[in-house]
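One letter stands for each residue in the lines below.
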Amino acid sequence: MLFNSFEFLIFFPVVITIYFVLPHRYRWILLLLASYFFYMAWKPAYVILILVSTCVDYFACVLMEKQSEQKKRRKFLFISLFINLGLLFVFKYFNFFNASLGAVFGQFGTAYHIPNFNLLLPIGISFYTFQTLSYTIDVYHGKIKAEHHFGIFALYVSFFPQLVAGPIERAGRLLPQFKKKQVFDYDRLTSGLRLMAWGMFKKIVIADRIAIAVENVYANPSGFEGPALILATVLFAFQIFCDFSGYSDIAIGAARVMGFELMQNFKRPYFSKSISEFWHRWHISLSTWFKDYLYIPLGGNRVSVPRWYLNLLITFVVSGLWHGANWTFFLWGLLHGVYLVAGYILKPVKQSLLTLTRLDKAPFLHKLFQVIMTFSLVCFAWIFFRANNVNDAFYIVSHLFKTSGSIFSFQYIKQTLVSMGMIVLDMQIAAGAIILMEVVHLVQRKHSVAGILQKFPLPLRWAAYYVFVIGILIFGKMGVSEFIYFQF
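About the cut-offs
Residues numbered from 1 in each chain as written. Predicted model: local features only at pLDDT ≥ 70, side-chain atom pairs only at ≥ 80, totals over all residues. Heavy atoms only, no water. Helix = DSSP H or I, 4+ residues; strand = E, 2+ residues; numbered from the N terminus. Rg over C-alpha atoms; globule rule 2.2 N^0.38 Å. Buried < 20%, exposed > 50% of the residue type's maximum accessible area, 1.4 Å probe, protein only. Contact = heavy atoms within 4.5 Å. Areas by Shrake-Rupley, 256 points an atom, 1.4 Å probe, with all protein chains shown as cover. Lys, Arg positive; Asp, Glu negative; His and termini not counted. Charge placed at Lys NZ, Arg CZ, Asp CG, Glu CD. Expected span 1.5 Å × (residues − 1). Phe/Tyr/Trp six-rings, centres within 6.5 Å; stacked < 30°, edge-to-face > 60°. Lys NZ or Arg CZ within 6 Å of the ring centre and 35° of its normal. Salt bridge = Lys/Arg side-chain N within 4 Å of Asp/Glu carboxyl O. Core = buried A, V, L, I, M, F, W, Y, C linked by side-chain atoms within 4.5 Å.

A.B. asks: Any details on the overall build of the protein chain? Residues and values, ideally.
C.D. replies: When helices and strands are counted, the protein chain shows 20 helices and zero strands. Expected size for 488 residues packed as a compact globule is a radius of gyration near 23 Å; at 24 Å, the protein chain falls within 12% of this value. The principal-axis extent of the C-alpha atoms belonging to the protein chain is close to 70 × 70 × 50 Å. Counting the 488 residues in the protein chain, one finds 50% classified as buried. Contacts in the protein chain between residues far apart in sequence, at least 24 positions, make up 74% of those at least 6 positions apart. With an accessible surface of roughly 23600 Å², the protein chain has 69% of that area assigned to carbon and sulfur atoms. Of the side chains in the protein chain, 43 bear a positive and 22 a negative charge, and the two mean positions are spaced by 7 Å.

A.B. asks: Run through helix α15 (residues 363–386), naming residues and quoting values.
C.D. replies: Here α15 spans 34 Å end to end across 24 residues, near enough to the 34 Å set by a 1.5 Å rise per residue. What α15 keeps buried is the set His366, Val371, Thr374, Phe375, Val378, Cys379, Ala381, Trp382, Ile383, Phe384, Phe385 and Arg386.

A.B. asks: Go over the packing of aromatic side chains with me, naming the residues and quoting the values.
C.D. replies: Aromatic ring pairs: the centre-centre distance and the angle between the two ring planes describe each pair. Scanning the entire structure with this criterion turns up 72 aromatic pairs. Ring centres of phenylalanine 11 and phenylalanine 37 lie 6.1 Å apart, and the angle between their planes is 20°; on these two criteria the pair is classed as stacked. Of this pair, phenylalanine 11 sits in helix α1 (residues 6–21) while phenylalanine 37 sits in helix α2 (residues 24–40); the two residues are 26 residues apart in sequence, bridging distant segments of the chain. The exposure class assigned to phenylalanine 11 is buried, which follows from its relative accessible area of 9%. Consider the rings of tryptophan 382 and phenylalanine 385, whose centres lie 5.1 Å apart with planes at 85°: the pair is edge-to-face. Note that tryptophan 382 and phenylalanine 385 are positioned in helix α15 at a spacing of three residues, about one turn of the helix. The same class applies to tryptophan 382 and to phenylalanine 385, which are both buried. Above the plane of the ring of tyrosine 19 lies arginine 27, whose end atom (NZ or CZ) is 4.6 Å from the centre. Taking NZ or CZ as reference, lysine 203 lies 4.6 Å from the ring centre of phenylalanine 483, over its face.

A.B. asks: Describe in detail the pattern of salt bridges, supporting the description with residues and values.
C.D. replies: Applying the stated rule across the entire model yields eleven salt bridges. Here glutamate 169 and arginine 173 are joined by a salt bridge, their closest N and O atoms 3.3 Å apart. Aspartate 292 serves as the salt-bridge partner of arginine 170, at 3.0 Å between the closest nitrogen and oxygen. Of the two residues, arginine 170 is situated in the loop between α6 (150–158) and α7 (171–179) and aspartate 292 in helix α11 (residues 284–295); the sequence distance between them amounts to 122 residues. Overall, aspartate 292 belongs to the partly exposed group, its relative accessible area being 28%. Within the structure, one salt-bridge network assembled from shared partners comprises Lys203, Asp208 and Asp243.

A.B. asks: So what's going on with the nonpolar core? Which residues, and what values?
C.D. replies: One finds Tyr135, Phe160, Tyr270, Trp282, Trp382 and Tyr485 to be the most contacted residues of the largest nonpolar core, which totals 146 residues. With 19 residues, helix α9 (residues 226–258) is the single largest residue contributor to this core. When neighbours within four sequence positions are excluded, tryptophan 382 is seen to be in contact with Phe236, Ala237, Ile240, Tyr270, Trp282 and Trp332.

A.B. asks: Lay out the environment of phenylalanine 159 with the relevant residues and their values.
C.D. replies: With respect to the helices, strands and loops of the structure, phenylalanine 159 is situated in the loop between α6 and α7. Filtering out sequence-adjacent residues up to four positions away, phenylalanine 159 remains in contact with Leu31, Ser35, Phe178, Ala255, Met258, Phe260 and Leu262.

Written as structure tokens, this is what we have:
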């Protein structure tokens, strides 16, 4: 079931109404049933995978907690890791590695006859697998206690707002919230609904509107010139942000209506002044997961400098492959790792240039330059993330600045937009919506938009809400479209 569907428009109010009518002790049952129904609306059979992960990690951690010897505790950790990562590998990565191995054998003229699996990738498998693995690892290290209520734990794994695309919540944060009695709160309700509306605005007004142009260009990059390739890449940067952060906003807002607080997943990432800062602002739940469960166990920065750089590269390569079984994701992750390593190596050079140009004497210009450079690097990396294959990615990179017309000619710009599948009005709506979004982001740096709205008289405040919702209906790209991160 999609957030931007008619089914969810019925499902959510019904669940919320029953939730607040039911006594607290029965609410977990409702939420668990609702979560499984929400997931099974896509493909019922694959709910078995969630059940397997839930059962394995529940019993592994309960039994682990009873062991006093570290060796015996480790045995249950390995069982959890083997089964969960094994399922993830079979459904998401087997065909990729099998095809790559077949290509290697083919280079040496050796026959390779292992066939691929004809399996559909289960929606959200990477998200709920990482969520339940974090629980098992935390129990193993003694950071949290094992949850002995099977139903509550099953709800933690499958909680419908963030089941298929996060945020990836930690058990120590979410499990206690399920046990706390929640009462209906008007302010919390309006706060959650506002956030859901904001997420829907980003999804259907911005992301879905510019998706057509991005798809047209990236489906056939050789049919477009440099300006179209650059524009499509920049548009994709906003498409993926609005699509994914829009989902996160709706998930966080939906949970908030019921009284649950999910972690912030995005924090104005395109205002970052460095790649390191970008990863503190982009998909925060995943970047912190990799930091805590991969980067730090590898040694983090508490090792020799060459090993530290290697740890960064490994973390980002694995992060890239987490997004998908394709060499394009491998290169995207590797590129971000290289960005970080190069940033640390070139830090003295950057400081010298800063002093030489006296840019440090103009703080605003310096920050603006950093933001533009960081955004440019991020957009360049998005080429590999979005391209259908490696050949397309390198074609785009090599043709970014090739054009047969004047980029300052209105006629050329119009022809470029039309060739991408957008009319000038589409571009104007998208540009206006993006500007509005970024203005809100700028305001959020120092002020709470919700706090500003609360100062309005009640009639004026609700009038603003209605105008915003009507604006979404008028300018939104209507039609049910999946969220990008469902494929991961």
